[in-house]
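Residue strings, one per chain:
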Amino acid sequence: MSNQRQQKPTLTGQRFKTRKRDEKERFDPTQFQESIVQGLNQTGSDLEAVAKFLDASGAKLDYRRYAETLFDILVAGGMLAPGGTLSDDLTRTEFCLFTAQEDLETMQAYAQVFNKLIRRYKYLEKGFEEEIKKLLLFLKGFTESERNKLAMLTGILLANGNISASILNSLYNENLVKEGVSAAFAVKLFKSWIYEKDINSVAGSLRKVGMDNRLMELFPANKRSCEHFSKYFTDAGLKELSDFARNQQSIGARKELQKELQEQMSLGEPLKDTIAYVREEMKKTSISEQTMISIIWSSVMSSVEWNKKEELCTEQAIKLLKQYSPLLKAFTSQGQSEITLMLKIQEYCYDNIHFMKAFQKIVVLLYKADVLSEEAILKWYTEAHVAKGKSVFLEQMKKFVEWLKNAEEESESEEEEAD
């Protein structure tokens, strides 16, 4: 047996050693920065010329690779080190966002520069959003004036849809919130956003990214109240934003309340306990009786799985409403609450086809249970109804309304005779 091992075949040719290191060396933003800074220094403060220079440079320079460097220079004048300080050993320019005049008009002009650049080089869109997110995390490293300019620019970009409102997540950074930087930045940002568009633009964008209920988080936990938020932003001239946040808070509270009510109903909690709980919540959240009766109606009607057959569905509804009539009665102490309930019943029966024929039976049941008064029913019939299914429901109620009117007339004539 031969001791010699068969030699394995080897690849011949040129070998490239330390390929990763070579690649790293090739990523050198210094030369890129030199080119951009030189161009900006030549164009100076003429933003039209800056936009043209950036447009032309994209054909010669690797914007895709050095996007972060490019945006750092345009915002801060040079490459930013972690935390937001400028790298000392590199050339920088004085012609950037941070050295510009601190007014809305100048910031609008800068927004145009970014807008033109990204429209021309679409692939920069994602990098630009990442840059803004990063800059927001670096806020503590900037001066107050630099923060103000960045806030105004960000507000304008958000208003015009150049970036997504998801970038605002950076403002919820614990350190920024704790030191009041986030709230102060938000004031400038929302002011320029609303000035550029309106509060509906803000509301729509925040809802789109699920941040419409998170505005309170701009403040530390001990200041996270509706009152504090409202005062802070109203004093800063942003009452619209304050009202929007209050409304969102109220919507959130209502959803939670409805969820809790449904939970209590599914567990079969005694009605007196539920009534006490609802009264306590009304006091705590300042919810009106009209709003509360709407929530209770929705909770009751969502607490069961409805039968698919229309006639069985009606029977089921009558049984359920008989059970919960004390709860409905407890929160219809005002005439307007009764009308609100009537309208909720009308809308529900119209929106759920199996209930179209059940409307009159539900109203009569609630009349007999002292939830709805004859005054409320007559007012709904003559003037307070809405358009949804109007002709069908008025026809259903016709005989009962005539009976109510006759009973009322008889009662009046009896009173006159007694006098």
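Treat the numbers as computed from the prediction; the structure is a model and nothing was measured.

Criteria and cut-off values
- Residues numbered from 1 in each chain as written.
- Predicted model: local features only at pLDDT ≥ 70, side-chain atom pairs only at ≥ 80, totals over all residues.
- Heavy atoms only, no water.
- pLDDT = per-residue confidence, 0-100.
- Helix = DSSP H or I, 4+ residues; strand = E, 2+ residues; numbered from the N terminus.
- Patch = residues over 30% accessible without salt bridge, like charges linked within 9 Å, V, L, I, M, F, W, Y side chains within 5 Å.
- Areas by Shrake-Rupley, 256 points an atom, 1.4 Å probe, with all protein chains shown as cover.
- Salt bridge = Lys/Arg side-chain N within 4 Å of Asp/Glu carboxyl O.
- Lys, Arg positive; Asp, Glu negative; His and termini not counted.
- Charge placed at Lys NZ, Arg CZ, Asp CG, Glu CD.
- Buried < 20%, exposed > 50% of the residue type's maximum accessible area, 1.4 Å probe, protein only.
- Core = buried A, V, L, I, M, F, W, Y, C linked by side-chain atoms within 4.5 Å.
- Contact = heavy atoms within 4.5 Å.
- Phe/Tyr/Trp six-rings, centres within 6.5 Å; stacked < 30°, edge-to-face > 60°.
- Lys NZ or Arg CZ within 6 Å of the ring centre and 35° of its normal.
- Axes fitted to C-alpha atoms, helices over the stretch in contact; angles between N-to-C directions.
- Parallel < 35°, antiparallel > 145°, perpendicular 65-115°, else oblique.
- Left-handed = near helix turned anticlockwise from the far one by under 90°.
- Nonpolar A, V, L, I, M, F, W, Y, C, P; charged D, E, K, R; others polar.
- Polar contact = N/O pair within 3.5 Å; in protein donor to acceptor, adjacent residues only side chain to side chain.

## Some thoughts on the confidence of the model for the chain
Move 1: Per-residue pLDDT for the chain averages 88, and the proportion of residues at 70 or more is 90%.
Move 2: Predicted confidence in the chain is weakest over helix α1 (residues 19–26), with a mean pLDDT of 50, and strongest over helix α7 (residues 144–159), with 97.

## A short note on a negative patch on the surface
Move 1: Taken together, the side chains of Glu 256, Glu 260, Glu 263 and Glu 269 define an acidic patch exposed on the protein surface.
Move 2: By the secondary structure assignment, Glu 260 is in helix α12 (residues 239–266).

## Examining the pattern of salt bridges
Move 1: Using the criterion set out here, one finds 14 salt bridges in the structure.
Move 2: With a closest N to O distance of 2.9 Å, Lys 140 and Glu 179 form a salt bridge. Within this pair, whereas Lys 140 is found in the loop between α6 (124–137) and α7, its partner Glu 179 is found in the loop between α8 (174–178) and α9 (181–196), the two being separated by 39 residues in sequence.
Move 3: Asp 235 is paired through a salt bridge with Lys 231; the nearest N and O atoms lie 2.6 Å apart. Pair noted here: Asp 235 and Lys 231 are both in helix α11 (residues 226–235), with a separation of four residues, about one helical turn.
Move 4: On the basis of relative accessible area, Lys 231 is assigned to the exposed category, the value being 54%.
Move 5: Look at the salt bridges and you will find they share partners, linking Glu 68, Asp 72, Glu 131 and Lys 134 into a network.

## Quick look at the environment of Glu 227
Move 1: Mapped onto the elements, Glu 227 comes out in helix α11.
Move 2: On the accessibility criterion, Glu 227 (54% relative accessible area) is exposed.
Move 3: Separated by 15 residues in the primary sequence, Glu 227 and Ser 242 place their C-alpha atoms 9.5 Å from one another.

## Points about the nonpolar core
Move 1: In this structure, Leu 168 and Phe 190 are the most contacted members of the largest nonpolar core, which totals 80 residues.
Move 2: Counting residues per element, this core draws most heavily on α9, at nine residues.
Move 3: If we skip the residues at most four places from it in the chain, Phe 190 touches Leu 168, Val 202, Leu 215, Leu 238 and Leu 241.
Move 4: Counting 55 residues, the second-largest nonpolar core is a separate cluster that includes Leu 261, Ile 296, Leu 320 and Phe 393.

## Some thoughts on unusual backbone geometry
Move 1: Its identity is not glycine, yet Asp 370 carries a phi of approximately 65°, on the positive side.
Move 2: Looking at Asp 370, the relative accessible area reads 54%, which means it is exposed.

## What to know about the packing of aromatic side chains
Move 1: Under the definition given, this model contains 23 aromatic pairs.
Move 2: Ring centres of Tyr 367 and Phe 400 lie 5.4 Å apart, and the angle between their planes is 75°; this geometry places the pair in the edge-to-face category. Residue Tyr 367 is located in helix α17 (residues 359–368), and its partner Phe 400 is located in helix α19 (residues 390–418); the two are separated by 33 residues in the primary sequence.
Move 3: Counting every residue linked through ring pairs, the aromatic cluster contains Phe 32, Tyr 63, Tyr 66, Tyr 121 and Tyr 123.
Move 4: When the ring centre of Tyr 123 is taken as reference, the NZ or CZ atom of Arg 64 above it lies at 4.1 Å.
Move 5: The aromatic ring of Phe 331 is capped on one face by Arg 279, whose charged end is 5.4 Å from the ring centroid.

## Side note on the packing of helix α4 (residues 67–76) against α6
Helix packing for two helices is described by the angle between their axes and how far apart those axes are.
Move 1: Where α4 contacts α6, the axes come no closer than 9 Å and their chain directions differ by 55°. One finds that α4 runs oblique with respect to α6. Crossing geometry of α4 relative to α6 is assigned as right-handed. Here α4 contributes Ala 67, Glu 68, Leu 70, Phe 71, Asp 72 and Val 75 to the contact with α6, which in turn contributes Leu 124, Gly 127, Phe 128, Glu 131, Lys 134 and Leu 135.
Move 2: Taken together, the residues of the contact of α4 with α6 break down into seven nonpolar, one polar and four charged.

## A short note on the side chain of Glu 338
Move 1: Within the secondary structure, Glu 338 is located in helix α16 (residues 335–351).
Move 2: Lys 329 provides the closest opposite charge to the buried, salt-bridge-free Glu 338, at an N-O distance of 11 Å.
Move 3: The contacts of Glu 338, once residues within four sequence positions are left out, are Thr 332, Val 371, Leu 372, Ser 373 and Ala 376.

## Thoughts on α4
Move 1: Among the ten residues that make up α4, nine are buried, leaving the element largely enclosed by the rest of the structure.
Move 2: Residues of α4 that are buried: Ala 67, Thr 69, Leu 70, Phe 71, Asp 72, Ile 73, Leu 74, Val 75 and Ala 76.
Move 3: In the stretch just after α4, Gly 77 is the one whose phi turns positive, near 95°.

## Overview of the side chain of Gln 264
Move 1: With respect to the helices and strands, the residue Gln 264 is situated in helix α12.
Move 2: Polar contacts involving the side chain of Gln 264 include one to the side chain of Thr 274, which spans 2.9 Å.
Move 3: Setting aside its immediate chain neighbours within four residues, Gln 264 contacts Glu 269, Thr 274 and Tyr 277.

## Section: the environment of Phe 229
Move 1: Looking at the element boundaries, Phe 229 is found in helix α11.
Move 2: For Phe 229, a relative accessible area of 1% gives the class buried.
Move 3: Sequence-distant contacts of Phe 229, that is, excluding residues within four places in its chain, are made with Leu 215, Met 216, Phe 219, Leu 241, Ser 242 and Ala 245.

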